[in-house]
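Chain by chain, the residues:
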Amino acid sequence: MLMSENIADKLNDQVTSELAASQLYLQMSLACEAMGLSGAGAFFRSHVAEEIQHRDRIIDYMIESDAVVNLQTIPAPEANWKSLVDMVHSAYDHEKKVTDQINSLTKAALAEDDFSTFNMLQWFVAEQREEMMLFGDVVEFMNVAGFTGDTGDQMVNMDNYLRKLSK
Ligand code: OFO
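Residues numbered from 1 in each chain as written. Predicted model: local features only at pLDDT ≥ 70, side-chain atom pairs only at ≥ 80, totals over all residues. Heavy atoms only, no water.

### Things to note about the overall build of the chain
Okay, step 1: Scanning the chain for helices and strands turns up five helices and zero strands.
Okay, step 2: Overall, the C-alpha framework of the chain stretches about 55 × 30 × 25 Å when taken along its three principal axes.
Okay, step 3: Buried positions account for 43% of the 167 residues belonging to the chain.
Okay, step 4: Considering only contacts in the chain between residues 6 or more positions apart, those separated by 24 or more positions represent 78%.
Okay, step 5: Accessible surface, the chain: about 8800 Å² in total, of which carbon and sulfur atoms supply 52%.
Okay, step 6: Looking at charge distribution, the chain has the averaged site of its 12 positive side-chain charges lying 5 Å from that of its 27 negative ones. (Helix = DSSP H or I, 4+ residues; strand = E, 2+ residues; numbered from the N terminus. Buried < 20%, exposed > 50% of the residue type's maximum accessible area, 1.4 Å probe, protein only. Contact = heavy atoms within 4.5 Å. Areas by Shrake-Rupley, 256 points an atom, 1.4 Å probe, with all protein chains shown as cover. Lys, Arg positive; Asp, Glu negative; His and termini not counted. Charge placed at Lys NZ, Arg CZ, Asp CG, Glu CD.)

The following block contains the structure:
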């Protein structure tokens, strides 16, 4: 195996985390659809496939490195958001958590002089920066628009804004 057990275990955990993220965004998308917000639903749905690509990127790297991938239980996603505002904040917080995970994985690879894994993780470092910027922009837009999550014109604006971001 071209990596330590420690790094393989951490990558395995990240595989679980990426799949859990896809489930979370699918649940968010379904919650939006249930509220009649098809734009917001499309936005979160587009993230489902993205997270699965992240999972596969790590799995492919592990296969190429002769590391064993052990799939783990995926915890059920949270599903009790009070409003779209609450959901967007929750997505932003989730991406902060994933950024911390990627950073600590990157630190661990460097601490072991595992430059190959360190190099592979650079893609994720850049991706998390993009995710933080994207969700940060959505939070900012909500704040600037004074969006409260109540139904009405603002809700329609927010739904349209998220629909555009999903493309
Ligand atoms: Fe995999 O980046 Fe979002 O969670």
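### What about the packing of helix α2 (residues 38–64) against helix α4 (residues 115–145)?
Okay, step 1: Orientation of α2 relative to α4, taken along the N-to-C sense of each, is 170 degrees, at an axis distance of 11 Å. Judged by the inter-axis angle, α2 sits roughly antiparallel to α4. Residues F43, F44, H47, E50, E51, H54, R57, I58 and Y61 of α2 pack against S116, T117, M120, W123, F124, E127, E131, L134, F135 and V138 of α4. (Axes fitted to C-alpha atoms, helices over the stretch in contact; angles between N-to-C directions. Parallel < 35°, antiparallel > 145°, perpendicular 65-115°, else oblique.)

### Some details on unusual backbone geometry
Okay, step 1: Unusually for a residue other than glycine, D66 sits at a positive phi of about 60 degrees.
Okay, step 2: Mapped onto the fold, D66 is located in the loop between α2 and α3 (84–111).
Okay, step 3: Classification of D66 by relative accessible area gives exposed; the value is 57%.
Okay, step 4: Positive phi, close to 55 degrees, is recorded for D113, a residue that is not glycine.
Okay, step 5: Looking at the secondary structure, you find D113 in the loop between α3 and α4.

### Topic: the packing of aromatic side chains
Okay, step 1: Tallying each qualifying case throughout the model produces six aromatic pairs.
Okay, step 2: Each ring, one from F43 and one from F135, has its centre 5.7 Å from the other, and the planes form 65 degrees; the classification is edge-to-face. Linking F43 in helix α2 with F135 in helix α4, this pair joins segments that are 92 residues apart in sequence.
Okay, step 3: Since its relative accessible area comes to 1%, F43 is described here as buried.
Okay, step 4: Between the aromatic rings of F141 and Y161, the centroid separation amounts to 3.7 Å while the plane-to-plane angle is 5 degrees, which identifies the pairing as stacked. You can see F141 sitting in helix α4 and its partner Y161 sitting in helix α5 (residues 153–165), a full 20 residues away along the chain. (Phe/Tyr/Trp six-rings, centres within 6.5 Å; stacked < 30°, edge-to-face > 60°.)

### With respect to the pattern of salt bridges
Side chains that differ in sign of charge can pair as their charged atoms come close.
Okay, step 1: Using the criterion set out here, one finds three salt bridges in the structure.
Okay, step 2: Here K96 makes a salt bridge to D93, at a shortest N to O gap of 3.7 Å. Residue K96 and its partner D93 are located together in helix α3, separated by three residues, close to a single helical turn.
Okay, step 3: Accessibility expressed as a relative area gives 43% for D93, which makes it partly exposed.
Okay, step 4: Residues R163 and D159 are paired through a salt bridge, measuring 3.7 Å at the closest nitrogen-oxygen approach. Highlighted residues: R163 and D159, both in helix α5, separated by four residues, approximately one helical turn.
Okay, step 5: Accessibility expressed as a relative area gives 27% for R163, which makes it partly exposed. (Salt bridge = Lys/Arg side-chain N within 4 Å of Asp/Glu carboxyl O.)

### Concerning α2
Okay, step 1: Counted at 1.5 Å a residue, the expected span for α2 with its 27 residues is 39 Å, and the 39 Å between its end C-alpha atoms agrees.
Okay, step 2: Note on α2: the residue one or two positions beyond its end, D66, has a positive phi of about 60 degrees. (Expected span 1.5 Å × (residues − 1).)

### A few points about the side chain of Q128
Okay, step 1: Mapped onto the elements, Q128 comes out in helix α4.
Okay, step 2: Among the residues examined, Q128 registers a relative accessible area of 3% and is labelled buried.
Okay, step 3: Looking at Q128, its side chain comes within polar contact range of the side chain of E95, at 3.0 Å.
Okay, step 4: Here Q128 is in contact with E95, V98, T99 and I102, once residues within four sequence places are set aside. (Polar contact = N/O pair within 3.5 Å; in protein donor to acceptor, adjacent residues only side chain to side chain.)

Just distances and angles here, no functional claims.
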